[in-house]
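Commentary on secondary and tertiary structure
Each chain, letter by letter, is given below.
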Amino acid sequence: MQGTLSLQWGHARVEAVIVSSVTPQKKQQQQVLKGNAVGFRSSEFCAAQSTSFSTKFAAASQRRQCSPLKVVAVDYPRPDIDGTVVIAGAGLAGLSTAKYIADAGHIPILLEARDVLGGKVAAWKDEDGDWYETGLHIFFGAYPNMQNLFGELGINDRLQWKEHSMIFAMPDKPGEFSRFDFPDVLPAPFNGVWAILKNNEMLSWEEKIRFAIGLLPAIVGGQNYVEAMDKYTVKEWMLKQGVPKRVNDEVFIAMSKALNFIDPDDLSMQCVLIALNRFLQETHGSKMAFLDGAPPERLCKPIVEYFTARGGEVRLNSRLQKFVLNEDGTVKHFLLQDGTIVEGDVYVSAMPVDVFKLLVPDQWANIPYFRKLDKLVGVPVINVHIWFDRKLKNTYDHLLFSRSPLLSVYADMSTTCKEYYDPKKSMLELVFAPADGWIGRSDADIIDATMHELAKLFPDEIAADQSKAKILKYHVVKTPRSVYKTVPDCEPCRPLQRSPIPRFYMAGDFTKQKYLASMEGAVLSGKLCSQSIVQDYEKLASSVPSLAKETTLV
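The protein chain appears in an unreviewed UniProt entry as Phytoene dehydrogenase from Riccia fluitans. Here is the UniProt Catalytic activity (unreviewed entry) comment for the protein chain, exactly as written: "2 a plastoquinone + 15-cis-phytoene = 9,9',15-tri-cis-zeta-carotene + 2 a plastoquinol".

Here you go:
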C-alpha cells in the first residue's frame, strides 16, 4: 500500500511516498528538513530549543517507515495562506513578532493605536523637519537578536558603532570626564578587568577589590545566583556583600538610571547582574552603537516592508477597544475603537503591560497568569531635546553618563547620529530620570531644571540663564508608563509568551526572556512568541479549519 503526502510551506513543496516497508539502506538515506521549513531561516533563538516542526515530521516519517523526503519544487510560489495572526501593538515586540511569523509562512496583521510605528522607539518630525524621539536608544554588542534582525533585513550599515568605552561626567570636577576604555586586543573578561583597573579617578584600589569580592558569588553561582538576587535591591545587595558606599555613588546610581530609569534604592540587583554578566562575558558586549537616523524610518519601516512583501499588513490608527471572547473564553475577534472587527486564527498582544492590563477581560482576570501582571508597572520617563545656537566643544561622539541627580545619560546627536549631523550647532538629547516627581510638571520647568544641570556639565559653554549658549528650540517627550519598573520580586510575575488561553499569545519586553526591559528583550520576545505559535502549529491546525488547509493528503 502506498500514498503521497504533500506538505506545502513557504517557498517549497515537500513530498514523501508512504510505503509498507523500506530497506535499511533507504533508512540511512532519510533526511531532516532544513530550518526553513518553519520559516526562521538563520535566526537564533536565545531560549531552549524545542523540537522543530520539521524534525517532528521527519521522525514521524521514520516511524511510518517512509521513503526519504525530497524537495520537488524549490521555486514553488509562496502559497495563499488563509491563516492569519492578528497582533495588537507595533512597538519592537509587535514588529518582531510580525517579521518572524511572516518567515514561518503565516500572514501577520499588525494593529497600532497611534499614527507612528515603534512604540517606545517612536519619533516625530517637527515643522523644521527635525526629529525628536521617545528615548535615547543605544544598541549594545550584547544584543545578539537585535543584530541578527539588522542582518536579516540587510541594514547592518545603519548601526554606527562607537569606540569601546564608557564615559562618565565628574560631578566634583565640572566639565571633566572619566573613561573606562576596553582594549580590543584582549578578550572578555580581561578587557573589562583592564578597563576597570586602569581607571583610578572613580574608585580607589581598595574599593575595586572589595567590589570584586562582592561579585564573586555571582561569578561562581552563575545564572541561578543572578535569578536569586531578584529579591534584593541594588542598595540592599551592596550592604549584604560589604561593597563600599562609594561604588554605589560613583557607579551604580548612573548604571541603575541608565538600565531602568530608577535609583539603586529601588532597582532589583538581578537587573544589574544580568548587564554585568553580558558585559564581562562577551568581548564586545558593552560596545555601543547609535542608529544612523530616526527609528521609525531606519528600523521600523524596513521590518514593515519585509513582512508586507510576504503578505502581511500594518494598520495605523487602529486602537484596540476590547478582546471579544467566545463562550469558552477564547478570543473571537479584536474590536477596535472605531467599531471595526478584526478576525484571525491566532491573536497576539504586543501592547505595553499597563495598556494590556486595562483590557484584560473579566473571564481572564482571576487566572494567575494574568493576575500576576498587577506587579508589573511601567516607569515614567522624560526625553529632552535641546537645540543650541552653537557647537558645544565639551562633548564626545559617544553616549555620556551624566551622574546628575536629575539626568541619566545624554548625547550630542548632532555629532553621534548621521542624519542629525550639524557641524555648526549642537542638539543634546537627554534622559530625565527618575521622572516620578516631574512627569506632571510643565515643559518649561523641565527645561529650566535641565539647563541648571547642563551648566555643571558645560561650565564654560552653558549657563542656566542662557547668557552663554542660547536655546533655539526644544522638545520634551513624556512617557508616563515606559518599560516595566524592575523592582525586586518581579521575575515570577513575568508571563511566558504562550498564554493559558488557546490561540492567544503575548509579546513585550515584560514577558519572560533574559534581557529584561530593553530593545533586545522586546525583539527576543517577538521571536519567542512566533516560535511558540509555530511549535503549536499542529495543535492549532487541527482546531482551526483555515490553518488545516496548509497540509493536504493527496
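Helix and strand counts for the protein chain stand at 17 helices and 24 strands. Here the protein chain, with 554 residues, has 57% of them falling under the buried criterion. Sequence-distant contacts in the protein chain: of pairs separated by 6 or more residues, those separated by 24 or more amount to 70%. Carbon and sulfur atoms form 53% of the exposed surface of the protein chain, whose accessible area is close to 23,900 Å².

Looking now at the pattern of salt bridges. One pass over the full model with this rule turns up 26 salt bridges. For Asp249, the salt bridge goes to Lys245, with nearest N and O atoms at 2.8 Å. Of this pair, Asp249 and Lys245 are both found in helix H8 (residues 245-260), 4 residues apart, which corresponds to roughly one turn of the helix. Judged by relative accessible area, which is 30%, Asp249 ranks as partly exposed. Given the relative accessible area of 59%, Lys245 is considered exposed.

Per the counting criterion, the structure on display carries 3 cavities of 30 Å³ or more. Computed from the structure, the largest cavity encloses a volume of approximately 60 Å³. Glu133, Leu136, His137, Phe139, Phe290, Leu291, Gly293, Pro295 and Met413 are the residues that line the largest cavity. Tallied by class, residues from the lining of the largest cavity come to 6 nonpolar, 2 polar and 1 charged.

A cluster of nonpolar side chains, namely Val193, Leu197, Trp205, Ile209, Ile213, Leu216, Ile219 and Val220, defines an oily patch on the protein surface of about 810 Å² accessible area. Residue assignment for the nonpolar patch shows that the elements contributing at least two residues are helix H5 (190-198) and helix H6 (205-228). Here the element with the most residues in the nonpolar patch is H6; it accounts for 6 residues. Within the secondary structure, Ile213 is located in helix H6.

As for its placement among the helices and strands, Ser204 is situated in the loop between H5 and H6. Between the alpha carbons of Ser204 and Val247 there is a distance of 9.6 Å; along the sequence they are 43 residues apart.

Here we take up the packing of helix H3 (residues 92-103) against helix H4 (residues 144-153). Running from amino to carboxyl end, H3 crosses H4 at an angle of 50°, the nearest separation of the two axes being 13 Å. Considering their axes alone, H3 and H4 lie oblique with respect to each other. As for the relative orientation of H3 and H4, their crossing is left-handed in sense. Counted together, Leu92, Lys99 and Tyr100 of H3 and Met146, Leu149 and Glu152 of H4 form the full contact between these two elements. Its residues placed into classes, the contact of H3 with H4 shows 4 nonpolar, no polar and 2 charged.

It is worth spelling out the sheet that holds strand S19 (residues 400-401) at this point. If you trace the 7 strands from one edge of the open sheet to the other, you get S11-S10-S19-S20-S21-S18-S22, paired in mixed fashion. This sheet does not close on itself; its edge strands, each paired only once, are strand S11 (177-181) and strand S22 (471-479). Relative to S11, strand S10 (residues 165-169) runs antiparallel, the two sharing 5 bridges. Paired with Phe168 across the strands is Ser178, a residue of S11.

Time to look at the confidence of the model for the protein chain. Chain-level statistics for the protein chain give a pLDDT mean of 85 and a share of 82% at 70 or above. A low-confidence stretch, residues 1-82 stays under pLDDT 50, and its non-local contacts, those more than four residues away or across chains, total 148 contacts. Of the regions scoring below 50 in pLDDT, residues 548-554 engages in 15 contacts with residues more than four places distant in sequence or in other chains.

Remember that side chains alternate between the two faces of the sheet whenever the strand is regular. Of all 8 residues making up strand S18 (residues 381-388), 8 are buried, and the element is well covered by its neighbours. With 8 bridges joining them, S18 and S22 adopt antiparallel strand pairing. Each bridged residue has a counterpart across the sheet, and for Asn383 the counterpart in S22 is Val477. When S18 meets strand S21 (residues 427-432), the two strands line up antiparallel, connected through 6 bridges. The residue bridging Trp387 from the neighbouring strand is Met427, located in S21.

Glancing now at the sheet that holds strand S13 (residues 313-315). Spatially, the 5 strands line up as an open sheet ordered S13-S5-S4-S17-S23, and their pairing is parallel. A single partner strand is all that each edge strand has here, and the edge strands are S13 and strand S23 (504-506). On average, adjacent strands in this sheet sit at an angle of 20° to one another, irrespective of strand direction. Where strand S4 (residues 84-88) lies against strand S5 (residues 107-111), 5 bridges are found, and the strand directions are parallel. Among the inter-strand pairings, Ile87 is bridged to a residue of S5, identified as Leu110. Relative to the sheet, helix H10 (residues 295-308) contacts S5 and S13, its axis offset from that of S13 by approximately 130°.

Rules behind the numbers
Numbering of residues starts from 1 in every chain and runs along the sequence as written. Given that this is a predicted model, residues contribute local features only at a pLDDT of at least 70 and side-chain atom pairs are listed and counted only at 80 or more, while totals for whole chains, interfaces and linings are drawn from all residues. The basis for every side-chain value is the complete set of non-hydrogen atoms in the structure, without hydrogens or water. UniProt positions are given in the numbering used here, feature names are shortened, and annotations may be inferred rather than shown by experiment. Comment: elements are numbered from the N terminus, with helices defined as DSSP H or I runs of at least four residues and strands as E runs of at least two. Relative accessibility under 20% of the residue-type maximum defines a buried residue, over 50% an exposed one, and the middle range a partly exposed one, all with a 1.4 Å probe and only protein chains included. Throughout, a contact is declared for two residues whenever any of their heavy atoms are within 4.5 Å. A 1.4 Å probe and the Shrake-Rupley method give the accessible areas. Residues count as covered only by the protein chains that appear here. Salt bridges are counted wherever a side-chain nitrogen of Lys or Arg sits within 4 Å of a carboxyl oxygen of Asp or Glu. Any residue with an atom within 4 Å of a point lines the site, the site being either a cavity, points on a 1 Å grid over the protein atoms alone where a 1.4 Å probe fits but cannot get out, or a pocket, an open set with protein on both sides within 12 Å along at least 5 of 7 lines. Grid points are joined across faces, edges and corners, and a volume is the space filled by probe spheres set on the points. As a working rule, the residues Ala, Val, Leu, Ile, Met, Phe, Trp, Tyr, Cys and Pro are called nonpolar, Asp, Glu, Lys and Arg charged, and the rest polar, with Gly in that last group. Exposure above 30% relative accessible area and the absence of a salt bridge qualify a residue for a patch, where like charges join within 9 Å and nonpolar side chains (Val, Leu, Ile, Met, Phe, Trp, Tyr) within 5 Å. Simply put, an axis is a line fit to the C-alpha atoms, just over the touching stretch for a helix, and the angle between two N-to-C directions goes from 0 to 180 degrees. Roughly parallel here means an angle under 35 degrees, roughly antiparallel means over 145, roughly perpendicular means 65 to 115, and every remaining angle is called oblique. Whether a crossing is left-handed or right-handed is set by the direction in which the near helix is turned from the far one by less than a right angle, anticlockwise for left-handed and clockwise for right-handed. Strands were regarded as paired on the criterion that DSSP finds at least two bridges between them. pLDDT: the predictor's confidence for each residue, scored from 0 to 100.

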